[in-house]
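Report on the structure
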Amino acid sequence: MVTIAIYQRLPIGKATLWSILAAYFLLPAGLSVDVPLVPPLDKSTIPNIAAYLVCLFIKGKRVPLLPKDQMARWLMLAYVVSPFVTVLGNADPLIAGPTFIKGMELYDALSAVIRQGLFILPFLLGLAFLRAAKDHEDMLMVLAVAGLLYSLPMLLEVRLSPQLHVWIYGYFPHSFLQQMRGDGFRPVVFMGHGLLVAFSTMTSVIAATALWRTGRRVKWHSGGQATAYLMAVLLLCKSMAAFLYAVTLSPLVRYGKPKQQIRVASILVLIAMFYPVLRGLDWFPSQIIYDAASSFSPDRAQSFDFRVRNEDMLLDKANERPLFGWGSWGRNRVYHSESGKDLSVTDGRWVITIGQFGWIGLFAEFGLLALPVLLSARALRYLADRRESIVLGAVALILGINVLDLVPNNPMSPWTWLVAGALLGRYEQLLYIKRTQSASKHHLKYTRPVQDIPAH
């Protein structure tokens, strides 16, 4: 009902942005509704379904099922279909002491394909309705305004401790101890964890910085004022990684050339793509990083070592079925052979994906997210307008840092898929305009008026 109301009051592009982002910001974390065949419905799937159905049946807009780019098509098909093959290869039960996980069945295969289809819906919505330069500028504005509005409950929780989720929904979605930092608290609001709040605030900082550079006001603030305020709020989130991202990327957005921004964004997604490969080949310098971290902070070194050891266990398990993985129901995890105790801790999105859907599933998911960033370098060559170039560079950088953050964390959200679809849609639109202009010039060259042809 909320989604219908949003689409009735706003243009379809803005309505898509607000319906996806508002649901991610406001719906309860860690709560799902389990229905037959369909995967559990939660804040990662409900807004996707709502926005798609409203666009299709109420607004009467056709949503493409596949992108036009050939590589994106193959990656998307692999992303949706590969879980079906995964299930077919995991019909055997998993037994570890008293732990028994039954083999996967055709029912699980259909459910897995539907699950992937629901996750990919924002990608298709962005591809269809967020293709123009104005749509991308609206995306930055929505991010900045949402960050300003969300800062109010965030500041309340910084002062009082994370309580809003308990007050509104009746439970706390994560470990409360993880939200304590020093003598204060990380704000959680309705996202489930303080790290997610900090990361979303960081993207709002980047968006506000881009608007600052284009000269646009962020509602009642100038771009510079909004950027400074959001940066201060981000500092109160007590997340070192998100703050370093903002401190590094904001000056690049404010003063760097769009070409440089897209180059950095491309490097970020390539790191995210190659890190699993280096870990799988055991070429990643884990020991060197651990030694360097030890001299800086023993606690962080211990945390890094714990992460690496768990990734090694999960990678060993994944490599037993490397192409299509072990499937869901916890089959990808490592269990003690006698007690059946779960020995593994999964943090990064990549190690979860490779365990469940193998290397095929990993490259399909990460490739589909990384491809729009890599193609944006080509799209930039088709732009002559400086303002449009600035916006394109900022959006590519936002997607790039979102993809990179999937390596240490598991923050996959509908918003990430929406931005990826929007960026790919922008590339497809610019490519279409370029080809149309080239065809028109070619046609005019060979259809000159008769009077322009010399008589002799």
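In short, a report on the structure. (Residues numbered from 1 in each chain as written. Predicted model: local features only at pLDDT ≥ 70, side-chain atom pairs only at ≥ 80, totals over all residues. Heavy atoms only, no water.)

1. A short note on the overall build of the protein chain
Scanning the protein chain for helices and strands turns up 16 helices and four strands. With the C-alpha coordinates of the protein chain rotated into their principal frame, the extents come out at 95 × 50 × 50 Å. Long-range contacts, defined here as pairs at least 24 residues apart, represent 74% of the contacts in the protein chain between residues at least 6 apart. Here the protein chain displays about 21,600 Å² of accessible surface, and carbon together with sulfur accounts for 64% of that area. (Helix = DSSP H or I, 4+ residues; strand = E, 2+ residues; numbered from the N terminus. Contact = heavy atoms within 4.5 Å. Areas by Shrake-Rupley, 256 points an atom, 1.4 Å probe, with all protein chains shown as cover.)

2. A few points about a positive patch on the surface
A cluster of basic side chains, namely K257, K259, R263, R378, R381 and R435, defines a positive patch on the protein surface. On the secondary structure map, R435 appears in helix α16 (residues 414-445). (Patch = residues over 30% accessible without salt bridge, like charges linked within 9 Å, V, L, I, M, F, W, Y side chains within 5 Å. Salt bridge = Lys/Arg side-chain N within 4 Å of Asp/Glu carboxyl O. Lys, Arg positive; Asp, Glu negative; His and termini not counted. Charge placed at Lys NZ, Arg CZ, Asp CG, Glu CD.)

3. With respect to helix α3 (residues 46-58)
The α-helix winds at 3.6 residues per turn, so residues separated by three or four positions along the chain end up facing the same way. Over its 13 residues, α3 extends 17 Å from the first C-alpha to the last, a length consistent with the 18 Å expected when each residue adds 1.5 Å. Among the residues making up α3, those that are buried are P47, N48, A51, Y52, V54 and C55. Relative to the axis of α3, the buried residues are bounded by an arc of 160° and lie together on one face. Immediately downstream of α3, the backbone of G60 shows phi near 70°, a positive value. (Expected span 1.5 Å × (residues − 1). Buried < 20%, exposed > 50% of the residue type's maximum accessible area, 1.4 Å probe, protein only. Arc of directions from axis to C-beta.)

4. Some details on the pattern of salt bridges
When the charged atoms of two side chains lie near each other, side chains of opposite charge can form a pair. One pass over the structure, following the stated rule, counts 13 salt bridges. For E137, the salt bridge identified is with R387, shortest N-O distance 2.7 Å. Here R387 lies in helix α15 (residues 386-404) and E137 lies in helix α6 (residues 133-160), a separation of 250 residues in the sequence. Accessibility expressed as a relative area gives 11% for E137, which makes it buried. Overlapping salt bridges bring together D92, R321 and R331 as one network.

5. Regarding the side chain of T227
The topology assignment puts T227 in helix α9 (residues 223-236). When near neighbours in sequence (up to four residues on either side) are disregarded, T227 contacts V205, A208, T209 and W212.

6. Section: the environment of G194
Checked against the element boundaries, G194 lands in helix α8 (residues 194-214). The buried category is assigned to G194, whose relative accessible area is 1%. Measuring from C-alpha to C-alpha, the distance between G194 and H165 comes to 12 Å, with 29 residues separating the pair along the chain.

7. Examining the side chain of Q356
Along the chain, the position of Q356 falls in helix α14 (residues 349-380). We classify Q356 as buried; its relative accessible area is 16%. Apart from residues no more than four positions distant in its own chain, Q356 is found in contact with T86, R115, F324, G325, W326, G327 and N332.

8. Points about unusual backbone geometry
The phi dihedral of K219 falls on the positive side, at around 55°, and the residue is not glycine. Structurally, the position occupied by K219 is in the loop between α8 and α9. Unusually for a residue other than glycine, W329 sits at a positive phi of about 65°. Within the fold, W329 resides in the loop between α13 (298-318) and α14. Assessed through its relative accessible area of 56%, W329 is described here as exposed.

9. Examining the environment of I390
The residue I390 is located in helix α15 in this model. In the structure, I390 is positioned 301 residues away from G89 in sequence and 47 Å away in space, judged by C-alpha atoms. Not counting residues within four places of it along the chain, the set of residues in contact with I390 comprises A210, R213, T214, P258 and Q261.

10. A closer look at the nonpolar core
In terms of nonpolar packing, the biggest core is built from 124 residues, with L140, M202, W350 and W415 touching the most fellow members. A total of 16 residues in this core trace back to one element, the largest contributor, which is α14. Ignoring anything within four residues of it in the chain, the contact list for W415 reads L17, I20, L21, M139 and L143. By size, the runner-up hydrophobic cluster in this structure holds five residues, among which are L94, A96, I101 and Y335. (Core = buried A, V, L, I, M, F, W, Y, C linked by side-chain atoms within 4.5 Å.)

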